[in-house]
Amino acid sequence: MRIAVLTSGGDAPGMNAAIRAVTVVALALGHEPVGVQHGYRGLIDGELAPLALDDVADALRRGGTLLQSARCLEFHEPEVRDRARTVLTEHDIGGLIVIGGNGSLTGALHLSDPAEAGGWPVKVMGIPASIDNDIALTSLSIGVDTAMNTIVEACDKIADTASAHDRVFLVEVMGRDCGYLAMTSAIASGADMVLFPEADRSEAQLVGAVADSVLAVRKRSGSQKVIAIKAEGIETTPDRLKELVDAELSERSGGTAAPIETRVTVLGHVVRGGRPSAFDRLLGSRMGNVAVRALVDGEHRQMVAWLPPVDAGDFGERSVHDPYCHLMPIDVVLEATRQLLDGQSPLARWRSTIFDDLQDVFLL
Ligand code: F6P
């Protein structure tokens, strides 16, 4: 079988490990791996070329994606997907592996929709990759672990200067629709507080919460060294938040105490780059392996999910190739993702309130 692989949407460290695994496993099983450059955009433009062992020799340790990525809005149009199907058929592709996030998996679902594609014979598999960890029914997506490590390392560094100058730092981290990275990295870096959209706080509440933390830290330790992590998904910009926090702190101290200095750091795309962690290399490699073998087994329209080997209930099937990997129907994944992002699923509800329960711990 000729097995095509593409990366789409925002890149994530560990995508290269998945591409490498797809390449080596396909070759080992006697199939032909084919790389599609620039995601769905490159697919419709026919940017396909065979992948050889040499192409992926250094892939494991590199961030980004050697196949490059793109956001392709035209892929929402059925005629454009028709063109993609024609290109794949012309190149005699039997299976396509899409490595990417929510939007990329949605593209894979539409591309392979029997109502649209008729008897189109190409089998499609998805591999979740997004630093935001905003894909449901997989405990982790490729890139999350590295991104979290990057944030923690940055916060450790910021803590040094915050301590030296006795300052408050507002640190913004990526996560357009999902506060997962902010929440987990706040715990892992020992931040003093975290702001994330799932908690659904008003601007005044956000400002009040930062001021509460600063004043609690000062009361406890006499220091103003505070790290507050803010998820990108919170609409108030970091600069506006700083202005409002400054005003609130000055008002609460009645202008008597020494002014508290605040600074803003936006980590931005730094969080998306860098050498993948060992775990992301492992995750990408194992998901790539399972995706190829599942395609060869005749699986179709499934996403490889990472779930600890416990009973996962009614959803999907455990891969016979790796007990940590499940095969989840993509439509089920996307529906669960919608509920996660809408705040309707039990996990979303847990995420939105867990920090309320932890509030006392943070204010200690
Ligand atoms: O990859 C997901 C993500 O990192 C979001 O957290 C962020 O908002 C977005 O990508 C930004 O991506 P780009 O600058 O490529 O549009």
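Residues numbered from 1 in each chain as written. Predicted model: local features only at pLDDT ≥ 70, side-chain atom pairs only at ≥ 80, totals over all residues. Heavy atoms only, no water.

S.K.: How should the sheet that holds strand β9 (residues 262–266) be read in this particular structure?
M.R.: Backbone-to-backbone hydrogen bonds join strands into a sheet, with any given pair of strands oriented parallel or antiparallel. Read across the sheet, four strands follow the order β7-β8-β6-β9 without closing on themselves; strand pairing throughout is parallel. Where the open sheet ends on each side, the last strands, each with one partner, are β7 (193–195) and β9. Averaged over neighbouring strand pairs, the angle between their axes works out to 20° when direction is ignored. As paired strands, β7 and strand β8 (residues 226–231) are joined by three bridges and run parallel to one another. By the bridge assignment for β8, Leu195 is matched with Lys230. Each of β6 (168–173), β7, β8 and β9 touches helix α9 (residues 238–252); the most contacted strand, β9, lies at about 165° to it. (Pairing = 2+ DSSP bridges. Helix = DSSP H or I, 4+ residues; strand = E, 2+ residues; numbered from the N terminus. Axes fitted to C-alpha atoms, helices over the stretch in contact; angles between N-to-C directions. Contact = heavy atoms within 4.5 Å.)

S.K.: I tried to follow the pairing of strand β5 (residues 123–128) on my own but got confused; where do I start?
M.R.: Along any regular strand, the residues point their side chains to alternate faces of the sheet. Within β5, five of the six residues are buried, leaving the element largely enclosed by the surrounding structure. Sheet topology places strand β4 (residues 93–100) next to β5; six bridges connect them, and they run parallel. Each bridged residue has a counterpart across the sheet, and for Leu96 the counterpart in β5 is Val124. Pairing analysis gives two bridges linking β5 to strand β10 (residues 302–306), with the strands arranged parallel. The residue of β10 that forms the bridge with Met125 is Gln302. (Buried < 20%, exposed > 50% of the residue type's maximum accessible area, 1.4 Å probe, protein only.)

S.K.: What is the right way to look at the packing of helix α4 (residues 102–111) against helix α11 (residues 330–342) in this model?
M.R.: Geometry of a packed helix pair, given as the angle between the helix axes and the separation of the axes. At their nearest, the axes of α4 and α11 sit 10 Å apart, and the two run at 145° to each other. Seen along the crossing, α4 lies across α11 with a hand that is left-handed. Counting all contacts with α4, which are made through Asn102, Leu105, Thr106, Ala108 and Leu109, the residues of α11 involved are Ile330, Asp331, Leu334, Thr337 and Leu341. (Left-handed = near helix turned anticlockwise from the far one by under 90°.)

S.K.: I keep staring at unusual backbone geometry and nothing clicks. Help me out?
M.R.: Across residues other than glycine, the phi torsion is negative in most instances, and most of the peptide bonds are trans. The backbone phi angle of Asp200 is positive, close to 55°, even though this residue is not glycine. Relative to the helices and strands, Asp200 is located in the loop between β7 and α8 (203–221). Although it is not a glycine, Arg301 sits at a positive phi angle of roughly 55°. Checked against the element boundaries, Arg301 lands in the loop between α10 (278–296) and β10.

S.K.: What is the right way to look at the site of the ligand in this model?
M.R.: Around the ligand sit Gly10, Arg71, Ile131, Asp132, Met174, Gly175, Arg176, Glu232, His269 and Arg272, and those are all the residues in its vicinity. In this structure, an oxygen atom belonging to the ligand sits 2.9 Å away from a side-chain N or O atom of Asp132. The separation between an oxygen atom of the ligand and a polar side-chain atom of Arg272 is 2.9 Å. Here the ligand loses 78% of its free accessible area of 400 Å² to cover by the protein chains. The residues that make up the shell around the ligand include at least three from each of domain 1 (2–143 + 276–342) and domain 2 (145–272). (Near = heavy atom within 4 Å. Polar contact = N/O pair within 3.5 Å; in protein donor to acceptor, adjacent residues only side chain to side chain. Areas by Shrake-Rupley, 256 points an atom, 1.4 Å probe, with all protein chains shown as cover. Domains from an automatic or database assignment.)

S.K.: Would you explain the packing of aromatic side chains in this entry?
M.R.: Centre distance and the angle of the planes are the two values used to describe a pair of aromatic rings. Tallying each qualifying case throughout the model produces two aromatic pairs. On the numbers, 4.0 Å between centres and 20° between planes, the contact of Tyr40 with Phe75 is stacked. Of this pair, Tyr40 sits in helix α2 (residues 39–44) while Phe75 sits in the loop between β3 (48–50) and α3 (78–90), and the two are 35 residues apart along the sequence. Each member of the pair, Tyr40 together with Phe75, is buried. (Phe/Tyr/Trp six-rings, centres within 6.5 Å; stacked < 30°, edge-to-face > 60°.)

S.K.: Help me out: how do you make sense of the pattern of salt bridges in this one?
M.R.: Where charged atoms from two side chains of opposite charge approach closely, those side chains can pair. As enumerated under the stated definition, the model contains 18 salt bridges in all. In this structure, Arg240 and Glu203 form a salt bridge, with 2.7 Å as the shortest nitrogen-oxygen distance. Here Arg240 is found in helix α9, whereas its partner Glu203 is found in helix α8, with 37 residues between them in sequence. Here Arg240 falls in the partly exposed class, since its relative accessible area comes to 38%. Of the residues examined, Glu203 reaches a relative accessible area of 29% and is grouped as partly exposed. For Asp342, the salt bridge is made with Arg338, and the minimal N-O distance between the two is 2.9 Å. (Salt bridge = Lys/Arg side-chain N within 4 Å of Asp/Glu carboxyl O.)

These figures come from the coordinates and say nothing about function on their own.
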